[in-house]
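Structural characterization, general
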Amino acid sequence: KEEQLHIIKENFMNCQKVLLAIGDETRQSILLVLMATDCQTGLRVGEITEQTHLSRPAVSHHLKILRDAGVILMRKEGTKNFYYIDIRTRLGLLKTLVTDIESLLKEYY
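Moving on: the overall build of the protein. Helix and strand counts for the protein come out as 5 helices and 2 strands. Secondary structure elements in the protein, listed N-terminal to C-terminal, are α-α-α-α-β-β-α. Since a compact globule built from 109 residues should have a radius of gyration of about 13 Å, the 16 Å found for the protein marks it as more spread out than a globular shape. By principal-axis analysis of the C-alpha atoms, the protein measures approximately 50 × 25 × 20 Å. Per-residue burial over the protein gives 31% buried out of 109 residues. Counting every atom, the protein has about 7400 Å² of accessible surface; 55% of that belongs to carbon and sulfur. For the protein, the distance from the average position of its 15 positive side-chain charges to the average position of its 14 negative side-chain charges is 7 Å.

Here the focus is the packing of helix α1 (residues 2–22) against helix α5 (residues 91–106). In contact at an axis separation of 9 Å, α1 and α5 are set at 145 degrees when each is read in the N-to-C sense. The chirality of how α1 crosses α5 is left-handed. Seen from α1, the contacting residues are Gln4, Leu5, Ile7, Ile8, Asn11, Phe12, Asn14, Cys15, Val18, Leu19 and Ile22; seen from α5, they are Leu91, Leu93, Leu94, Thr96, Leu97, Asp100, Ile101, Ser103 and Leu104. In the contact of α1 with α5, the residues fall into 14 nonpolar, 5 polar and 1 charged.

Moving on, we get to α5. Here α5 contains 16 residues, and its C-alpha end-to-end distance of 23 Å stays within 8% of the 22 Å for a straight helix at 1.5 Å per residue. Considered for burial, the residues of α5 that qualify are Leu94, Leu97 and Leu104. What you see down the axis of α5 is that its buried residues fit within an arc of 95 degrees, all on one side. In α5, the exposed residues that point more than 90 degrees away from the buried face are Lys95 and Lys106. Its buried side turned inward, α5 meets α1.

Turning our attention to the pattern of salt bridges. Tallied over the full model, the rule gives 2 salt bridges. The partner of lysine 64 in a salt bridge is aspartate 68, and the shortest N-O contact between them spans 2.8 Å. Residue lysine 64 and its partner aspartate 68 are located together in helix α4 (residues 56–68), separated by 4 residues, close to a single helical turn. Of the charged contacts in the structure, one is a salt bridge between glutamate 77 and arginine 75, with a shortest N-O distance of 2.7 Å. Note on glutamate 77: relative accessible area 45%, which makes it partly exposed.

Thresholds applied
Residues numbered from 1 in each chain as written. Predicted model: local features only at pLDDT ≥ 70, side-chain atom pairs only at ≥ 80, totals over all residues. Heavy atoms only, no water. Helix = DSSP H or I, 4+ residues; strand = E, 2+ residues; numbered from the N terminus. Rg over C-alpha atoms; globule rule 2.2 N^0.38 Å. Buried < 20%, exposed > 50% of the residue type's maximum accessible area, 1.4 Å probe, protein only. Areas by Shrake-Rupley, 256 points an atom, 1.4 Å probe, with all protein chains shown as cover. Lys, Arg positive; Asp, Glu negative; His and termini not counted. Charge placed at Lys NZ, Arg CZ, Asp CG, Glu CD. Axes fitted to C-alpha atoms, helices over the stretch in contact; angles between N-to-C directions. Left-handed = near helix turned anticlockwise from the far one by under 90°. Contact = heavy atoms within 4.5 Å. Nonpolar A, V, L, I, M, F, W, Y, C, P; charged D, E, K, R; others polar. Expected span 1.5 Å × (residues − 1). Arc of directions from axis to C-beta. Salt bridge = Lys/Arg side-chain N within 4 Å of Asp/Glu carboxyl O.

Listed below in C-alpha coordinates is the structure:
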(Lines give C-alpha, C1' and ligand atoms only; values in the text may rest on other atoms or scores of the structure.)
Protein backbone atom coordinates (compact mmCIF):
# COMPACT_ATOMS: atom_id res chain seq x y z
CA LYS A 1 0.00 0.00 0.00
CA GLU A 2 2.78 2.45 0.89
CA GLU A 3 4.46 1.72 -2.43
CA GLN A 4 1.20 2.45 -4.26
CA LEU A 5 0.84 5.74 -2.38
CA HIS A 6 4.42 6.66 -3.26
CA ILE A 7 3.71 5.97 -6.94
CA ILE A 8 0.53 8.07 -6.80
CA LYS A 9 2.45 10.90 -5.12
CA GLU A 10 5.00 10.80 -7.95
CA ASN A 11 2.14 10.74 -10.49
CA PHE A 12 0.64 13.85 -8.89
CA MET A 13 4.00 15.62 -9.10
CA ASN A 14 4.38 14.63 -12.76
CA CYS A 15 0.85 15.88 -13.51
CA GLN A 16 1.02 19.24 -11.72
CA LYS A 17 1.71 21.34 -14.83
CA VAL A 18 -0.93 19.46 -16.82
CA LEU A 19 -3.53 19.82 -14.07
CA LEU A 20 -2.83 23.55 -13.72
CA ALA A 21 -2.94 24.04 -17.48
CA ILE A 22 -6.23 22.23 -18.07
CA GLY A 23 -7.85 23.54 -14.88
CA ASP A 24 -8.42 26.97 -16.40
CA GLU A 25 -11.83 27.51 -18.03
CA THR A 26 -10.38 29.54 -20.91
CA ARG A 27 -7.82 26.86 -21.71
CA GLN A 28 -10.56 24.24 -21.53
CA SER A 29 -12.48 26.12 -24.22
CA ILE A 30 -9.34 26.24 -26.39
CA LEU A 31 -8.83 22.50 -25.87
CA LEU A 32 -12.43 21.81 -26.87
CA VAL A 33 -11.93 23.79 -30.08
CA LEU A 34 -8.74 21.86 -30.82
CA MET A 35 -10.45 18.52 -30.07
CA ALA A 36 -13.19 19.35 -32.58
CA THR A 37 -10.70 19.68 -35.44
CA ASP A 38 -8.56 17.28 -37.42
CA CYS A 39 -5.68 16.44 -35.10
CA GLN A 40 -3.20 16.14 -37.98
CA THR A 41 -3.95 19.60 -39.36
CA GLY A 42 -4.32 21.72 -36.24
CA LEU A 43 -5.45 25.32 -36.02
CA ARG A 44 -3.75 28.69 -36.20
CA VAL A 45 -4.15 31.36 -33.53
CA GLY A 46 -6.57 33.35 -35.70
CA GLU A 47 -8.82 30.33 -36.20
CA ILE A 48 -8.87 29.62 -32.46
CA THR A 49 -9.59 33.31 -31.82
CA GLU A 50 -12.64 33.17 -34.11
CA GLN A 51 -14.06 30.10 -32.42
CA THR A 52 -13.40 31.15 -28.81
CA HIS A 53 -14.10 34.89 -29.16
CA LEU A 54 -10.90 35.61 -27.25
CA SER A 55 -8.30 38.16 -28.33
CA ARG A 56 -5.24 36.98 -30.24
CA PRO A 57 -2.90 37.87 -27.34
CA ALA A 58 -5.10 35.92 -24.92
CA VAL A 59 -5.17 32.87 -27.18
CA SER A 60 -1.39 33.04 -27.65
CA HIS A 61 -0.87 33.34 -23.90
CA HIS A 62 -3.03 30.31 -23.14
CA LEU A 63 -1.51 28.27 -25.98
CA LYS A 64 1.93 28.91 -24.51
CA ILE A 65 0.81 27.59 -21.13
CA LEU A 66 -0.72 24.50 -22.74
CA ARG A 67 2.43 23.92 -24.81
CA ASP A 68 4.75 24.40 -21.84
CA ALA A 69 2.71 21.84 -19.90
CA GLY A 70 2.99 19.40 -22.80
CA VAL A 71 -0.77 19.29 -23.37
CA ILE A 72 -0.71 20.51 -26.98
CA LEU A 73 1.82 20.42 -29.78
CA MET A 74 2.72 22.90 -32.49
CA ARG A 75 3.89 22.31 -36.01
CA LYS A 76 5.44 24.96 -38.22
CA GLU A 77 4.61 25.30 -41.88
CA GLY A 78 6.71 28.11 -43.25
CA THR A 79 5.84 31.11 -41.09
CA LYS A 80 2.57 29.59 -39.90
CA ASN A 81 2.13 27.76 -36.58
CA PHE A 82 -0.54 25.09 -36.21
CA TYR A 83 -1.63 23.92 -32.76
CA TYR A 84 -3.08 20.48 -32.11
CA ILE A 85 -3.63 17.79 -29.51
CA ASP A 86 -1.92 14.47 -29.89
CA ILE A 87 -2.40 11.32 -27.83
CA ARG A 88 1.32 11.30 -27.14
CA THR A 89 1.13 14.52 -25.12
CA ARG A 90 1.40 14.62 -21.36
CA LEU A 91 -2.38 14.19 -21.08
CA GLY A 92 -1.57 10.48 -20.90
CA LEU A 93 -0.10 11.10 -17.45
CA LEU A 94 -3.59 11.87 -16.18
CA LYS A 95 -4.82 8.46 -17.30
CA THR A 96 -1.98 6.79 -15.41
CA LEU A 97 -2.74 8.84 -12.30
CA VAL A 98 -6.45 7.97 -12.34
CA THR A 99 -5.73 4.29 -13.03
CA ASP A 100 -3.31 4.09 -10.09
CA ILE A 101 -5.78 5.83 -7.76
CA GLU A 102 -8.58 3.48 -8.85
CA SER A 103 -6.32 0.49 -8.26
CA LEU A 104 -5.54 1.65 -4.74
CA LEU A 105 -9.17 2.45 -3.89
CA LYS A 106 -10.43 -0.93 -5.13
CA GLU A 107 -8.84 -2.43 -2.04
CA TYR A 108 -11.34 -0.53 0.10
CA TYR A 109 -14.50 -1.37 -1.86
